[in-house]
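Analysis of the macromolecular model
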Amino acid sequence: LVEGKSLQDWLELTKSPDPAVRQSAAEAVTRFGPDARKPAFPYLVPLLSDDDPGVRMSSLGTVGAMLFESKDEQTKVFTALRLLLAKTTPGGPSRK
């Protein structure tokens, strides 16, 4: 458990309408270690193109920390990273 929540609890929070909750969830996943990679990956990749820059940056850090298990995962992440960079404005991320 991390802060009293299971991995699955945190993964479900990645779907929260609140960007601060999504960001916290993305950051918490890394604390579960390498065993979290497979179950977390499908939840984290969509966050790479989230409307909120804080969520995008946190999910990028988490995915990077987890590394890649397969070429398919790597391709999905790099595709999402291209979208992330296209949505990022000069001057850094800011929440609306």
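Residues numbered from 1 in each chain as written. Predicted model: local features only at pLDDT ≥ 70, side-chain atom pairs only at ≥ 80, totals over all residues. Heavy atoms only, no water.

**Examining the environment of Pro19**
Looking at where Pro19 falls in the secondary structure, it is placed in helix H2 (residues 19-29). Separated by 34 residues in sequence, Pro19 and Pro53 place their C-alpha atoms 9.1 Å apart. (Helix = DSSP H or I, 4+ residues; strand = E, 2+ residues; numbered from the N terminus.)

**Thoughts on the nonpolar core**
In this structure, Leu11, Val29, Ala40, Leu44 and Val77 are the most contacted members of the largest nonpolar core, which totals 19 residues. For this core, the secondary structure elements donating two or more residues are helix H1 (7-13), H2, helix H3 (37-47), helix H4 (53-66) and helix H5 (71-87). Top element by residues in this core is H3. It accounts for six residues. Aside from chain neighbours lying at most four places away, what touches Ala40 is Leu11, Val29 and Met66. (Core = buried A, V, L, I, M, F, W, Y, C linked by side-chain atoms within 4.5 Å. Buried < 20%, exposed > 50% of the residue type's maximum accessible area, 1.4 Å probe, protein only. Contact = heavy atoms within 4.5 Å.)

**Section: H2**
In an α-helix, one turn spans 3.6 residues, which is why side chains three or four residues apart end up on the same side. Where H2 is concerned, the buried positions are Arg22, Gln23, Ala25, Ala26, Ala28 and Val29. Of the residues flanking the start of H2, the one acting as N-cap is Asp18, its side-chain oxygen 2.8 Å from the backbone nitrogen of Ala20. (Polar contact = N/O pair within 3.5 Å; in protein donor to acceptor, adjacent residues only side chain to side chain.)

**Here we look at the confidence of the model for the protein**
On average, residues of the protein carry a pLDDT of 84, and 85% of them reach 70 or more. Within the protein, H1 carries the highest mean pLDDT (97), whereas H5 carries the lowest (73). (pLDDT = per-residue confidence, 0-100.)

**A look at the packing of aromatic side chains**
Counted under the stated rule, the structure contains zero aromatic pairs. A cation sits over an aromatic face here: Lys5 above Trp10, 4.9 Å from the ring centre. (Phe/Tyr/Trp six-rings, centres within 6.5 Å; stacked < 30°, edge-to-face > 60°. Lys NZ or Arg CZ within 6 Å of the ring centre and 35° of its normal.)

**Digging into the packing of H3 against H4**
How two helices sit against one another is set out by the angle between their axes and by the gap between those axes. At a minimum axis distance of 9 Å, the contact between H3 and H4 shows a crossing angle of 150°. The angle between the axes of H3 and H4 places the two elements in the roughly antiparallel class. You can see that H3 and H4 cross each other, and the crossing is left-handed. Across the interface between the two elements, Arg37, Ala40, Leu44 and Leu47 from H3 touch Val55, Arg56, Ser59, Thr62, Val63 and Met66 from H4. Residue classes in the contact of H3 with H4 are distributed as six nonpolar, two polar and two charged. (Axes fitted to C-alpha atoms, helices over the stretch in contact; angles between N-to-C directions. Parallel < 35°, antiparallel > 145°, perpendicular 65-115°, else oblique. Left-handed = near helix turned anticlockwise from the far one by under 90°. Nonpolar A, V, L, I, M, F, W, Y, C, P; charged D, E, K, R; others polar.)

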